[in-house]
Amino acid sequence: MPCLAHLGEVAANRKRFLAAGAGILIVCQAKPAVLAMFLRNQSQPVPVVCDRDRVAYRAFGLEETTWLSFFRPSVLWGYVKLMARGGRLRRPYEGENVLQLGGDFVLDRDGRVVFAYRSRVATDRPIVAALLAALPTRR
């Protein structure tokens, strides 16, 4: 649920990213068939690709959390806030590792990471303004 909420925020600001000369790529850990089903039900205005073996997750240093982390007050509060805005808890998709943490990265045109945000808990994501501020200036 937190990942989908963050995806929605990034996608809603797609025009701002494009105006700054940036592209967006969403990487998920779903199996291709599961991602295809998801995209049939919830099309996205940004490209979404599969990394079912989580190779990119490891390459970008994204870690797994523990089950106990879901009981931290800040994480519980994060879920309560998401549900108050209409978010619903859902069963994990087939093959999805719910302990896998996400992250947000900004790369320059040469492929260098110029901004890295690695989530510390499931509800931890950067605000869109921080991502936009991290974009390299156009030449």
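This text follows the structure it describes.
Now for a description of the structure that goes with this document.

## Thoughts on the pairing of strand S4 (residues 113-118)
Okay, so step 1: Bridge count for strand S3 (residues 103-107) against S4 is five bridges, and the pairing is antiparallel. Following the sheet pairing, Leu-107 is matched in S4 by Val-113.
Okay, so step 2: Connecting S3 to the next strand, S4, in antiparallel fashion are five residues, including Gly-111 with a positive phi near 85 degrees.

## Brief notes about unusual backbone geometry
Okay, so step 1: Positive phi values are uncommon outside glycine, yet Arg-54 reaches one of about 55 degrees.
Okay, so step 2: Here Arg-54 lies in the loop between strand S2 (48-50) and helix H4 (55-59).
Okay, so step 3: Judged by its relative accessible area of 17%, Arg-54 is buried.

## Points about the environment of Pro-126
Okay, so step 1: On the secondary structure map, Pro-126 appears in the loop between S4 and helix H6 (128-134).
Okay, so step 2: Along the backbone, Pro-126 and His-6 are 120 residues apart, and their C-alpha atoms lie at a distance of 8.6 Å.

Criteria and cut-off values
- Residues numbered from 1 in each chain as written.
- Predicted model: local features only at pLDDT ≥ 70, side-chain atom pairs only at ≥ 80, totals over all residues.
- Heavy atoms only, no water.
- Pairing = 2+ DSSP bridges.
- Helix = DSSP H or I, 4+ residues; strand = E, 2+ residues; numbered from the N terminus.
- Buried < 20%, exposed > 50% of the residue type's maximum accessible area, 1.4 Å probe, protein only.

By themselves, these figures tell us nothing about what the structure is for.
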